[in-house]
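Each chain, written out:
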Amino acid sequence: MEATGGTEELVSGELVSVAHALSLPAESYGNDPDIEMAWAMRAMQHAEIYYKLISSVDPQFLKLTKVDDQIYSEFREHFKNLRIDILDPEELKSETAKEKWRPFCLKFDGIVEDFNYGTLLRLNCSQGYTEENTIFAPRIQFFAIEIARNREGYNKAVYTGIKDKEEKEDSNGGDKGANSREEEKGANREGEKEKEAYKEINKSSETTM
């Protein structure tokens, strides 16, 4: 996939901070509006980095924590029929839903660091982090849903959408032979970038989880 050097540096350089992007819980700030705004901006930074990640590499091969397998297994055991491509907020925020989620979340207390800290979660996984498409969720809930979206192929819509757009732009650039060579080079760069992103994700998990 064609990408600028700046974008590649942003993705590979900031991946190591993804797991720490929400290192301070909103509730620890009390009612100070300035501090609450700073926390919200930090949450948005985390969201932007994650979205860049799933736009840059095939999400199916990403590992977000050291315990992805356990999170996914427990999630689908507790929420076998939960639709995750387009989330219904009531399935996450209603009192009934909270009672269902609580035992699942508490299982990861001490396993996933800061498991109950707030994160931003997309409702429709084919879209980005807009005000209409975003809700707050505990960190373990974010991990559970995003790991499932990655493994079940739903987040690939973001990756393929960006890739198709860039390929279309390249095809309108002129000489087909040049485009072919550029696509081959892009494929090689993409493969290297996937390896680098996977390595950085694992490094982040080992450092912070």
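All residue numbers refer to position in the chain's written sequence, counted from 1. Reporting in this predicted model follows two pLDDT cut-offs: at least 70 for local features of residues, and 80 or more for side-chain atom pairs to be given and counted; totals over whole chains, interfaces and linings ignore these cut-offs and use all residues. Derived side-chain values reflect all non-hydrogen atoms in the structure, with water molecules and hydrogen atoms excluded from consideration.

(A) Structural detail: the overall build of the protein chain. Secondary structure elements are taken from DSSP: a helix is a run of H or I of four residues or more, a strand is a run of E of two residues or more, and numbering for both begins at the N terminus. Of regular secondary structure, the protein chain possesses eight helices and two strands. Each helix (α) and strand (β) of the protein chain, taken in turn from the N terminus, gives the series α-α-α-α-α-β-β-α-α-α. For the protein chain, restricting intrachain contacts to residue pairs at least 6 apart in sequence, the fraction spanning at least 24 positions comes to 73%. In these tables, accessible area is a Shrake-Rupley quantity obtained with a 1.4 Å probe, and a residue counts as shielded only by the protein chains included in the view. Accessible surface for the protein chain amounts to roughly 11,200 Å². Of this, 50% is attributable to carbon and sulfur atoms. Any pair of residues with heavy atoms lying within 4.5 Å of one another is described as a contacting pair.

(B) Layout of helix α6 (residues 139–151). Take the number of residues in a helix, subtract one, and multiply by 1.5 Å to get its expected span. The end-to-end C-alpha separation of α6 is 18 Å, in line with the 18 Å expected for 13 residues at 1.5 Å each. For α6, the buried fraction is high: twelve of the 13 residues fall into the buried class. Remark: Gly153 follows α6 within two positions and exhibits a positive phi of approximately 90 degrees. The rule is simple: take the accessible area with a 1.4 Å probe, protein chains only, and divide by the maximum for that residue type; under 20% is buried, over 50% is exposed, in between is partly exposed.

(C) Main features of the side chain of Asn150. If you trace the backbone, Asn150 turns up in helix α6. Given the relative accessible area of 3%, Asn150 is considered buried. Sequence-distant contacts of Asn150, that is, excluding residues within four places in its chain, are made with Tyr50, Ile54, Pro59, Gln60, Leu62, Leu64 and Asn155.

(D) Here's a closer look at the packing of helix α3 (residues 68–78) against α6. Between the N-to-C directions of two axes lies an angle of 0 to 180 degrees, each axis being a line fitted to C-alpha atoms and, for a helix, fitted only over the stretch in contact. At a minimum axis separation of 9 Å, α3 and α6 run at an interaxial angle of 90 degrees. When the axes of α3 and α6 are compared, the pair comes out roughly perpendicular. In this structure, α3 uses Asp68, Asp69, Ile71, Tyr72 and Phe75 to contact α6, whose residues at the interface are Ile140, Phe143, Ala144, Ile145, Ile147, Ala148 and Arg151. Note on residue categories: nonpolar means Ala, Val, Leu, Ile, Met, Phe, Trp, Tyr, Cys or Pro, charged means Asp, Glu, Lys or Arg, and polar means any other residue, Gly included. For the contact of α3 with α6, the residue count by class is nine nonpolar, no polar and three charged. Roughly parallel means an angle under 35 degrees; roughly antiparallel, over 145; roughly perpendicular, 65 to 115; everything else is oblique.

(E) Spatial organisation of the confidence of the model for the protein chain. As a per-residue quantity, pLDDT reports the predictor's confidence and falls between 0 and 100. On average, residues of the protein chain score 76 in pLDDT, and 62% of them are at 70 or above. α3 holds the highest mean pLDDT among the elements of the protein chain, 97, whereas helix α1 (residues 5–14) holds the lowest, 43. Below a pLDDT of 50 lies the segment residues 1–24, which in the model reaches 57 contacts outside its immediate sequence neighbourhood of four places, other chains included.

(F) Representation of the pattern of salt bridges within the structure. Definition used for salt bridges: Asp or Glu carboxyl oxygen within 4 Å of a side-chain nitrogen of Lys or Arg. In the structure shown here, the tally under the stated rule is nine salt bridges. Of the charged contacts in the structure, one is a salt bridge between Arg83 and Asp85, with a shortest N-O distance of 2.7 Å. Residues Glu146 and Arg122 are paired through a salt bridge, measuring 3.3 Å at the closest nitrogen-oxygen approach. Of the two residues, Glu146 is situated in helix α6 and Arg122 in strand β1 (residues 118–122); the sequence distance between them amounts to 24 residues. Here the two residues Glu146 and Arg122 agree in accessibility, since each one is buried. Salt bridges here are not isolated pairs; linked through shared partners, they connect Arg122, Glu146 and Arg149.

(G) Region of the structure containing the side chain of Arg139. By the element assignment, Arg139 lies in helix α6. The charge count includes Lys and Arg as positive and Asp and Glu as negative, but it does not include His or the ends of the chains. The charged side chain of Arg139 is buried without a salt bridge, its nearest counter-charge being Asp114 at 4.2 Å. By the criterion applied in these results, polar contacts are pairs of N or O atoms within 3.5 Å in which, for protein atoms, one can donate a hydrogen and the other can accept it, and in which residues neighboring in sequence qualify only through two side-chain atoms. Here the side chain of Arg139 touches Glu113 through a polar contact of 2.3 Å, landing on its backbone oxygen.

(H) Here's a closer look at the packing of aromatic side chains. Two aromatic rings, drawn from Phe, Tyr or Trp (for Trp, its six-membered ring), form a pair once their centres lie within 6.5 Å of each other, and the interplanar angle then sorts them: stacked below 30 degrees, edge-to-face above 60, tilted otherwise. What the rule picks out here adds up to ten aromatic pairs. An aromatic cluster of at least three residues, connected via ring pairs, comprises Phe75, Phe79, Trp101, Phe104 and Phe108.

(I) The packing of helix α5 (residues 95–106) against α6, seen in detail. Across the interface, α5 lies against α6 with an axial gap of 10 Å and an inter-helix angle of 90 degrees. Our classification of the angle between α5 and α6 gives roughly perpendicular. In this structure, α5 contributes Trp101, Phe104 and Cys105 to the contact, and α6 contributes Ile140, Gln141, Ala144 and Ile145. Residue composition of the contact of α5 with α6, by class: six nonpolar, one polar and no charged.

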